[in-house]
Structures are given as C-alpha cells and as structure tokens.
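Here is what each chain is made of, one letter per residue.
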Amino acid sequence: MLRKSMTALVSVIVLLSLALTACGPTETPTAAPTEEPTEEPTEEPTEAPTEAPTPTAEPEATEAPEETEEAAEPQPLWNAELRQAIAAAIDREALVDRVFEGRNIPAYHMVPPAYPYATEPFLEKYGTRDLDMAIELLEGQGYTEEEPFEFDFWYPPEHYGTTTADVVQVLKEQIEETGLIRMNLQTQNWAEYVDSFVAGEMPFFVLGWFPDFADPENWLSPFGSCLQSPDMGVFYCNEEMDAMLQEAAASADPDVREELYQDIGELWAEDLPTIPLFWEPEFIVYRNGVEGVKIASTLEFNYKELSFSDDAQPASGSTDTIIIGTTDEIHSLDAQDAYSVHDWEILRNTGTALLTYEPGTADLIPGAAESMPEVSDDGTTYTFTLREGLTFADGTPVTAEDYVRAWERIGLEGDVSGLVQLYVSDVTAPDERTVVYELTDAYGFFPALSATAPFIAQHPDQYPVDELVFFPEAIDGVGPYQMVSLTEGEQMELQANPNYFGEAPNIENVIVRYFADPTTMSNAVETGEIDIAWRTLGPVEAVRLQEVDEVLVEKINAPALRYLVFQHEYMMTAE
Amino acid sequence: MSSSFRNFIITRLLMTIPMILILVTMVFFVMRILPGDPIRSQLGPKVSEEQAAQLRERMGLNRPLHIQYFDFLWRMVTLDFGNALTQGERPIREELAEKLPATIELAVPAITFTALAGIFGGAFAAKNRKKPVDYGLRVISVMVYAFPIFFLGLLFQIIFAVRIPLFPLAGRMDSMLMTTFEPITNFYFIDSILTGNWAALKSMLLHLVLPSFTLGLILTGPFLRLTRVNMLEMLQSDFITAGRARGLPEDRLVYKHALRNTFIPIITLLGLQFALLLAGAVLTETTFSWPGLGRYLVQRIELRDYNAVQSVIAVFALFVGGISVLVDILYAFIDPRIRY
C-alpha cells in the first residue's frame, strides 16, 4: 500500500518533469517572428550619458590572461576598428541565400529602404563584403591566428523562429573566416535573454525590431541615442550622433531631415551602434476568391477592405463571414496598454486613430480627425479637429474629452505609455471637437505617431479612466468593426459597426481564429477551414503552400529587421 | 462498509495531502530558481528598473519568499489562486473554469480509448499467442509509445483532415457554430445537450476525435502489453483449465473469466497513466490548438508566470492524487486482501 502511494508520488513528479521538459528552453515551434519586441524608448532620464568607448588600440587578445598586470584596469572589449572588422566580414547576400533561400532581403541600414530619407551606408562603406578590410583592421589591433580576438555571441534559440540558429552559425563562419576572430555561440531562453542584455551582460547579440510608427526616428534613436540605447542593451553614447538624431527628429523640413539622416547613416556605418542584417517578410495566405487583401509596409491589415468574389467558397459557408487564422495571442486590448502587432491590429479595426493610412499604402490620411492637424510655428503644438457627428459603435458621441482621458490613462503606465510620454507633454480640449497636443519638442513625425493605437478613442464605459482593461468583453469603438465576443484561445467575433463614419465594410462579420501551431494553421487554410492565414507562417509553410492550387501566397515586405548589437560598455575582464 | 475498508479510505485520503504539498512546494521553488522573471519576459527591455520594481511590488514579488509561499498555500486551500502575473492578469480561477473542462473533455475519451484498446487488444494478443497478430500488436504497441505525440498528431491531421477530409483540424467546435453557442459549464458536450444544440454537439464530437485518438493511442502500448502478460498467466491457471475441461467456449473463458481477473494491475496502471495523460495533453493541445490547461501551462511557463504555473500544477496534482486515491480504493474494494 505504501509502495503504491510512493509510486503515485513518483509519477506525479514525473508529470512535473515531463511538463517542464516538454515546454522547457526550446518550446513548440512558433515559427518566424512571433512578437517582435517592439521596444519603445523609455522616458526615464536616469541614465547618465556615458562616453563611447575610445578606440584604444589594445593589442592584447581578450581571453588571454596577461598576468603581467595584476588587477589591470578593465578594458572595453570593443573599439571602432574591431566593430568595423566584424561589419566588413559579414556577407548578407550569402547569409540570406543559405538560410532563407533568398527570401529575405539584406539590410544595409537600420531604416527600411521604402522609408523617406533611407540610404544604404553599410553598402557604401563595406560593399557586400570586404574580408580584406576586416583582416587589415584586426591585424592593426594586434590579433593573430594564434591569439585571435575572442568574444561571446548570444542569440535566443526560439523567439525569432528556428532559423536563428542557422543564421548565427553562418555569421560565425563568415566572421571567423578572417582567421583572427573566435566567436563563441551562446544561447538563452527569451525571458533570461532579455534580462541579460538589459543588464549589459551580453557583449554581442542578435535582436529583432519592428517599428512603432513609420519614421526613421523610430529605427535609429532607440539604439543610437544616449538616452534610449541602454534599454536596448546597446549602451551607446556619441554626442555627435545624439545631436544629429535630436535635430532630425525635431525638424519638419524635409531637406534638413534628408541631409541629417544621410550623415547619421554614414556615422552609423562608421561607429556602429548596431549592424543591420536583413529584413524578414511576412507571408499572408488566402483562399481563391478572397479579395481586398491590402497590407502595406505599415503592416496594417484593414479587414473592411476584404471581400469575396462571386465564385468564392467561404470557410464559414456564407459570404457575410470571413475567418482569419492567426498564431498570435492577445496580450491586451486596451489602446493605452497594447503593444504588440496583433493587439494593434484588432484595435485599429475596431477603432480609428486621429490619423490613419490609406489602405495598402504608407500615406497618412485623416481618421477620427476631419483633416490633417494644424501645427504651431515652433512645431511643438498639434491641433486636431474631430469629425462632426463622430460616435462610438453604440451611438455615444465622441468628444475631445475622450482624448484627454486617453492621455490621463497613459499615466496608468501601460506597456505603451513610454512611447507616448517620450514625445507628448500634455493634451487639452479647448472645445468639444478640438484636441491639442503639446509635444516635448518639435517632432515632425508626430502625424505618424498619431496614427498609432494609443491615439484611438475608447468608450468611457468599457475603459474607465482609473484602470486598464486587458480583456474587455466587447469593444464599441470608432472603427469599421465592433468586437462582440471573445473566447480566449479560441476565437474572436467582429461585426460591422452600424455607426462607423466611413464606408461600411464589404463583409459583415469577421471571425479571428487562434491557432497554437503554424503547421496546423497552414493545413487549415489548405483545407478551407479558414479563409486567410496571417501571422505567423514561416518560410517553410509559405513555400509549401505555393504548390497548393486553392490558395494564394503573398509576401508582405514588412519592415521586420534582424540586427546585431554591440554592448559598447562591455569590459573585457567582465568575462 | 467494513471498518477495515473505511480505515483504508481515510488513511489513503490523508496520504494524498503530503503528496500534493510536496509537489506544489517543489513547483513554487523551481519557478523561482529558474532564471528570468515575469516582468522582463512580458515587457522586454523597455521597462526601466524603477518601473520594474513598482511592478514587482504590485505583484507581491518583492515580499520575502516564505511570505509568498504561505500566502500561496493559503490561497490554494481557499481556492483563490489570485491573478495571473502577466499578459492580461486575469483571475486564475476564471482561466481554470474555462480551460480545465476543455482538458478533461479531451482526457476522458482518450483514457477510455486507451483502456478499451489496450485491454481488449492485450486479451486478443494473449489469446492468439505467438501468431502473427500477436507479434503485430506487440510491435504496434511499442511504436505508438515511442512516437512523439506532436508527430502522431500532425500525421493524423494530414491523413484524416487534409488528405481525406473526414475530421476537422483543430479547435473544439466549428467557428460559425461557436458564434451562437452558449457555454454554461465549459464542458461543450454537456452544454450542447443542456441547450439542445445538436449541431454543436455533433461538431464538438467530430472535433474531439483526432486529438483524443492521438492522446489515447500513445498510452495504449503499456496497457496492451500489461494485459497481455497478465492474461497469459491467467490463461495457465487452474480455473481456466477447469473451464476448458467443462467445455466452455474459448472466447467466453478469455473475455469473461480470465480478463476480469487481470483488472487489478490494470486499474493500478490506469492511475499511473493518468499522470502521463496530463503531460501528453500539453503537447496534444498545442498540436490541435485545443484551448485547454496544458496549452495554458506552456504559455505561462514561457512567461515565467509563477502564480499561473503553480496553480495549474496544483490542479494537475489534485487530479492525479484524486485518481490515484480512487484507483486504490477501487482496488481495495475489488480485492479485500488489499487493505491496511
């Protein structure tokens, strides 16, 4: 009897071990970029700007303990020459060919090529690759084959999909081809990975980035500014770079911005806060007969544009309902908290920000505002006039006070609050239809920011001013759809908003169905159980589905970037 | 009820308490030893240390460990599991109320299939000892046990949902039917009967086939082999020989008389297998996008959500403990020799 009880105890412990092992460090393959860490710059100004490590030409190899000097002064691991050597040794074209069969796009700058003011400074300085330059730089630092430059390179094995391991392996080969570097691959589960790089424990590591808003500012300052770069594990501070970034952000003059971003790009390739690697496209797969799939580089997916052709065979059996599958999860459906791609997608379909994008393009147009904003002479005040007769889905009028309340709710410190607080200092409502934003500086890109989710008005009954609501039971917003039900982990139902100010959606109902596994989702679109499979189908599934007659596979050149980060303050003896 | 049986039940129930206590204590401490914390895993690097500290305070993570531990034990006793620490911070009781029925609804047909297929398969193999069907069944039992669950799951999906579209691929019910379905208990089987929604009932049964078959098949192997071995022994025993001598049909001897006497070790195995069933449910739910507790556990472990993981493991432990107790009681009921 006692033995049987002990056996039961042991089996329970086995259960625990199996459960933890089954979902341990490398969990189920949620392929490709699931949630890009859309890091926004935090507002905290506590980090004292430190100087960039001076390029001391230290000849000693990092791991060779020269016991000549006792407790030697800790030396920075990195200097500009060493960083440049690594940048020169990387061959992006070969990398994307080998790992992604050419499906990804080499990135020669942190700013997406389709953006205004985008340049290719890395291509200009290093070409597609310059191994000779890399070797020369390393030899100039005193490294030899017998005593190479050695350091750890970190990556998360699963967060960006299973191809990450292949990517870092190819990088290692390319960089070690110099013969003067030894790069040790290290890996950590995502939760620990984030802890470690924020603490500055990783000298060189890989990350992904997806923008908060469509402006070069959001691709540069988070990594290159003295204030924000520590939050991304970069710990980079160069006063010249800082000044240029600030001036470019605060200018509304396109010529000035163009020149500044040109200079910033050149300095970036020279001083290397980070190294951009490649752009990873998203894939959307939809059944024949589904039309109106318009997703631009902003990655905004407007469900109201979708429609069925006459010969379509909808998964629901009816042309008034379309089913969209996704492997994303809901983190929060509160616009003053939500900070992930899927959450913003739902919020932008059930709500409309002050400005929005022409579907399928990156062109800003009025949204909840009746026109583009008025800008004060000094560029720090933006005034929006709301559309006349604007209401929530239940008919409750929308007023300027709703935007003041949204600003107050930013004070609840939701995940997205830092993004807004960095640029906005106050919001007032002089009358019912006028909303005035006071900015912390003259940011010319503020219109792009005002098209983001935190600038969506939310129903006061569903989103009280004093608390965040992550999982509302319904959303009666200002968008083309309203959310009528949510069964967490299963599906969400949206219905056309009868009080929408714009043209009614083509399809009355949308069901978003949640999958745990991308392979299952790809099978579901193949069999017609769903009409659209969107986020995140990896390249393997996308290629497979191209052979299936009943579906169309479309590549979205979304600006999802993979890049390498130097921890500029990393000290050698810290290893 | 005899006093010895009553005493047995009481003793057995009391022994379950330390088992569950040890298990949840282990989980509590293991979660805190593992690197990574819920703040960082949810919010990434954006959070300043000051904000992170504020959040830790709000979540009670800055309290002394022993305070957190006793607070957690008390909450367990009062079935107040608190809120999840991250991603929505929903009350865990609500999550359990939604997801536990889904897992049970998957596990019950799975274990039923396991038991029936294993027992009757083993009996059949024993009856046909050393014939090709015996060898075949033994090989199959090892194979299905060795295959990873997600591999089998995907294989069945491709065969029975994609190539030959007999069953749906994933989920608990057809999307359109879900829009009008009213869950009451979150056991869709019960709820569809209670609401008279026969279309929903048919849909949920169809959706249940592939995942429960996958999960059940994996565990069939040990049952089959254990039954076979016990049956072989039983078929050598005197009372079977006597039955044969009296001219009883072989089928009746095997399936009625011999099989009944092999139930005792099989019931014990059933109790042990239940623990593996829950572990298997974790992977099956992911493969079939089944919104159960196993899938929830995976998500919450990734997020280092201590509260949620502790609570789910505690619930699993309660179930395993409970089943184990039931099995022992049943065992003792069947065989009076087995009592304290």
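All of these numbers come straight from a predicted model, not from anything done at the bench.

A word on the overall build of chain A
Then step 1. A count of helical and extended segments in chain A gives 16 helices and 21 strands.
Then step 2. Expressed as a percentage of its 575 residues, the buried residues of chain A come to 63%.
Then step 3. Sequence separation of 24 or more characterises 72% of the internal contacts of chain A that already satisfy a separation of 6 or more.
Then step 4. Accessible surface, chain A as shown: approximately 20,400 Å² in total, 47% of it carbon and sulfur.

Re the side chain of E345 of chain A
Residues and elements named next belong to chain A.
Then step 1. The topology assignment puts E345 in helix α11 (residues 341–350).
Then step 2. It turns out E345 is buried and unbridged, and the closest side chain with the opposite charge, R535, is 5.8 Å from it.
Then step 3. If sequence neighbours within four positions are ignored, E345 has contacts with F301, Y303 and W534.

A short note on helix α5 (residues 131–140) of chain A
Residue and element names in this part refer to chain A.
Then step 1. Among the residues of α5, A134, L137 and L138 are the ones counted as buried. One side of α5 holds all its buried residues, which, seen down the axis, span an arc of 95 degrees. Across from the buried face of α5, at angles greater than 90 degrees, the exposed residues are D132, E136, E139 and G140.
Then step 2. Directly after α5, the chain includes G142, whose backbone phi takes a positive value near 90 degrees.

Side note on the packing of helix α5 (residues 92–127) of chain B against helix α10 (residues 198–235) of chain B
Then step 1. In contact at an axis separation of 4 Å, α5 of chain B and α10 of chain B are set at 35 degrees when each is read in the N-to-C sense. Every pair of crossing elements has a handedness; the one defined by α5 of chain B and α10 of chain B is right-handed.

Comments concerning the sheet that holds strand β15 (residues 434–439) of chain A
Sheet strands associate in pairs through backbone hydrogen bonding, adopting either a parallel or an antiparallel arrangement.
Residues and elements named next belong to chain A.
Then step 1. The strand order across the open sheet formed by four strands is β12-β13-β15-β14, and the pairing between neighbours is antiparallel. Edge positions in the sheet fall to β12 (374–375) and β14 (424–431), since each of these pairs with one other strand and no more.
Then step 2. Relative to strand β13 (residues 381–385), β12 runs antiparallel, the two sharing two bridges. Note that in β13 the partner of E374 across the bridge is T383.
Then step 3. Contacts between helix α12 (residues 400–410) and the sheet are confined to β14 and β15, with β14 contributing the most and set at about 160 degrees to the helix.

Some points on unusual backbone geometry
Residue and element names in this part refer to chain A.
Then step 1. Each neighbour pair has its own omega, and for R535 with T536 the value is 5 degrees, a cis peptide bond.
Then step 2. Among the secondary structure elements, T536 is positioned in the loop between β19 (532–534) and α16 (539–545).
Then step 3. The phi torsion at E101 lies on the positive side, around 55 degrees, for a residue other than glycine.
Then step 4. By the secondary structure assignment, E101 is in the loop between α3 (92–100) and β1 (105–106).
Then step 5. We note that F235 has phi near 50 degrees; this positive angle belongs to a residue other than glycine.
Then step 6. If you trace the backbone, F235 turns up in the loop between α8 (217–224) and α9 (239–249).

With respect to the nonpolar core
Then step 1. Counting residues in hydrophobic clusters, the biggest one holds 80 residues, and the most contacted among them are I530 of chain A together with L277, L293 and L297 of chain B.
Then step 2. Here this core takes 10 residues from helix α15 (residues 306–334) of chain B, the largest share from any one element.
Then step 3. Setting aside anything within four residues of it in sequence, one finds L293 of chain B in contact with L96, K99, L100, T103, E285, V312, V315 and F316 of chain B.
Then step 4. Among the nonpolar cores identified, the runner-up in size contains 77 residues, and Y115, V170, V234 and L561 of chain A belong to it.

Considerations on the confidence of the model for chain B
Residue and element names in this part refer to chain B.
Then step 1. Taken as a whole, chain B shows an average pLDDT of 83; of its residues, 91% reach a score of 70 or greater.
Then step 2. Looking across chain B, the model is least confident in helix α2 (residues 38–43), with a mean pLDDT of 62, and most confident in helix α9 (residues 188–194), with 94.
Then step 3. This complex was scored by the predictor with a pTM of 0.83 and an ipTM of 0.83.

Quick notes on a negative patch on the surface
Residue and element names in this part refer to chain A.
Then step 1. Side chains of E120, E124, E240, D253, D255, E258, E259, D263 and E266 sit close together on the surface and give a patch of like negative charge.
Then step 2. Looking at the secondary structure, you find E259 in helix α10 (residues 254–271).
Then step 3. E259 gets classed as exposed once you look at its relative accessible area, which sits at 55%.

Topic: the sheet that holds strand β9 (residues 321–326) of chain A
All names here are of chain A.
Then step 1. The mixed open sheet is built from seven strands, whose spatial order is β16-β17-β18-β9-β19-β6-β20. Each of the sheet's edge strands pairs with one partner strand only, and the pair in question is β16 (481–487) and β20 (551–556). Sheet twist, expressed as the mean angle between neighbouring strand axes with direction ignored, is 20 degrees.
Then step 2. The pairing of β9 with strand β18 (residues 509–514) spans six bridges and is parallel. Directly across from I323, in β18, lies its bridge partner I511.
Then step 3. With respect to the sheet, α11 is in contact with β9, β16, β17 (491–496), β18 and β19, its orientation differing from that of β16 by roughly 135 degrees.
Then step 4. Contacts from helix α15 (residues 518–527) reach β6 (282–287), β9, β19 and β20, with the element oriented near 30 degrees to β6.

Examining the pattern of salt bridges
Then step 1. One pass over the structure, following the stated rule, counts 34 salt bridges over all chains.
Then step 2. Its salt-bridge partner being R182 of chain A, residue E150 of chain A comes within 3.1 Å of it at the nearest N-O pair. Here R182 of chain A lies in strand β3 (residues 181–187) and E150 of chain A lies in strand β2 (residues 149–155), a separation of 32 residues in the sequence.
Then step 3. Between R544 of chain A and E541 of chain A there is a salt bridge whose closest N-O contact spans 3.2 Å. Highlighted residues: R544 of chain A and E541 of chain A, both in helix α16, separated by three residues, approximately one helical turn.
Then step 4. According to the relative accessible area criterion, R544 of chain A is partly exposed, its value standing at 30%.
Then step 5. Taking relative accessible area as the criterion, E541 of chain A reaches 12% and is therefore assigned buried.
Then step 6. Because the salt bridges share partners, they merge into one network encompassing E488 of chain A together with R90, E94, E95, E98 and K99 of chain B.

Let's talk about the packing of aromatic side chains
Then step 1. Enumeration according to the criterion identifies 43 aromatic pairs over all chains in this entry.
Then step 2. When the ring of F213 of chain A is compared with that of Y423 of chain A, the centres are 5.9 Å apart and the planes differ by 85 degrees; the resulting orientation is edge-to-face. Residue F213 of chain A is found in the loop between β4 (204–209) and α8, and its partner Y423 of chain A is found in the loop between α13 (417–421) and β14; the two are separated by 210 residues along the sequence. Comparing F213 of chain A with Y423 of chain A, the two get one shared label, buried.
Then step 3. With a centroid separation of 5.0 Å and an interplanar angle of 55 degrees, the aromatic rings of Y382 of chain A and F446 of chain A are classed as tilted. Of this pair, Y382 of chain A sits in strand β13 while F446 of chain A sits in helix α14 (residues 446–449), and the two are 64 residues apart along the sequence.
Then step 4. Since its relative accessible area comes to 0%, F446 of chain A is described here as buried.
Then step 5. Through successive ring pairs, a cluster of aromatic residues spans W78, Y143, F149, F151, F153, F204 and F566 of chain A.
Then step 6. Over the ring of F471 of chain A we find R90 of chain B, and its NZ or CZ is 5.6 Å from the ring centre.
Then step 7. The ring of Y188 of chain B has R172 of chain B lying over it, and the distance from NZ or CZ to the ring centre is 3.6 Å.

Description of empty space enclosed by the protein
All names here are of chain A.
Then step 1. All told, the structure shown has 11 cavities of 30 Å³ or more when counted by the stated rule.
Then step 2. In terms of lining, the second largest cavity is formed by 23 residues, of which the most central are F210, P211, T298, W344 and R348.
Then step 3. For the lining of the second largest cavity, the element with the highest residue contribution is α11, accounting for five residues.
Then step 4. For the lining of the second largest cavity, the residue count by class is 12 nonpolar, seven polar and four charged.

Some thoughts on the pairing of β3 of chain A
Then step 1. As judged from the seven bridges shared by β2 of chain A and β3 of chain A, these two strands associate in the parallel manner. Note that in β3 of chain A the partner of F149 of chain A across the bridge is I181 of chain A.

Overview of the environment of S318 of chain A
Then step 1. Along the chain, S318 of chain A falls in the loop between β8 (307–308) and β9.
Then step 2. Within polar-contact distance, the side chain of S318 of chain A engages the side chain of D320 of chain A at 2.5 Å.

Observations regarding the side chain of E150 of chain A
All names here are of chain A.
Then step 1. Residue classification places E150 among the buried positions, given a relative accessible area of 12%.
Then step 2. Engagement of the side chain of E150 in a polar contact is seen with the side chain of R182, the distance being 3.1 Å.
Then step 3. A polar contact is formed between the side chain of E150 and the side chain of N184, at a distance of 2.9 Å.

Some words on the pairing of β18 of chain A
All names here are of chain A.
Then step 1. By the criterion of burial, β18 is predominantly enclosed, with six of the six residues buried.
Then step 2. Of the pairings in the sheet, the one linking β17 to β18 comprises five bridges and is antiparallel in character. Its bridge partner being in β18, E493 is matched across the sheet by I511.

Parameters and conventions
Residues numbered from 1 in each chain as written. Chains lettered and ligands numbered in written order. Predicted model: local features only at pLDDT ≥ 70, side-chain atom pairs only at ≥ 80, totals over all residues. Heavy atoms only, no water. Helix = DSSP H or I, 4+ residues; strand = E, 2+ residues; numbered from the N terminus. Buried < 20%, exposed > 50% of the residue type's maximum accessible area, 1.4 Å probe, protein only. Contact = heavy atoms within 4.5 Å. Areas by Shrake-Rupley, 256 points an atom, 1.4 Å probe, with all protein chains shown as cover. Lys, Arg positive; Asp, Glu negative; His and termini not counted. Salt bridge = Lys/Arg side-chain N within 4 Å of Asp/Glu carboxyl O. Arc of directions from axis to C-beta. Axes fitted to C-alpha atoms, helices over the stretch in contact; angles between N-to-C directions. Left-handed = near helix turned anticlockwise from the far one by under 90°. Pairing = 2+ DSSP bridges. Core = buried A, V, L, I, M, F, W, Y, C linked by side-chain atoms within 4.5 Å. pLDDT = per-residue confidence, 0-100. Patch = residues over 30% accessible without salt bridge, like charges linked within 9 Å, V, L, I, M, F, W, Y side chains within 5 Å. Charge placed at Lys NZ, Arg CZ, Asp CG, Glu CD. Phe/Tyr/Trp six-rings, centres within 6.5 Å; stacked < 30°, edge-to-face > 60°. Lys NZ or Arg CZ within 6 Å of the ring centre and 35° of its normal. 1 Å grid on protein atoms, 1.4 Å probe; cavity = no way out; pocket = protein on both sides within 12 Å on 5 of 7 lines; lining within 4 Å. Points joined across faces, edges and corners; volume = space filled by probe spheres on them. Nonpolar A, V, L, I, M, F, W, Y, C, P; charged D, E, K, R; others polar. Polar contact = N/O pair within 3.5 Å; in protein donor to acceptor, adjacent residues only side chain to side chain.

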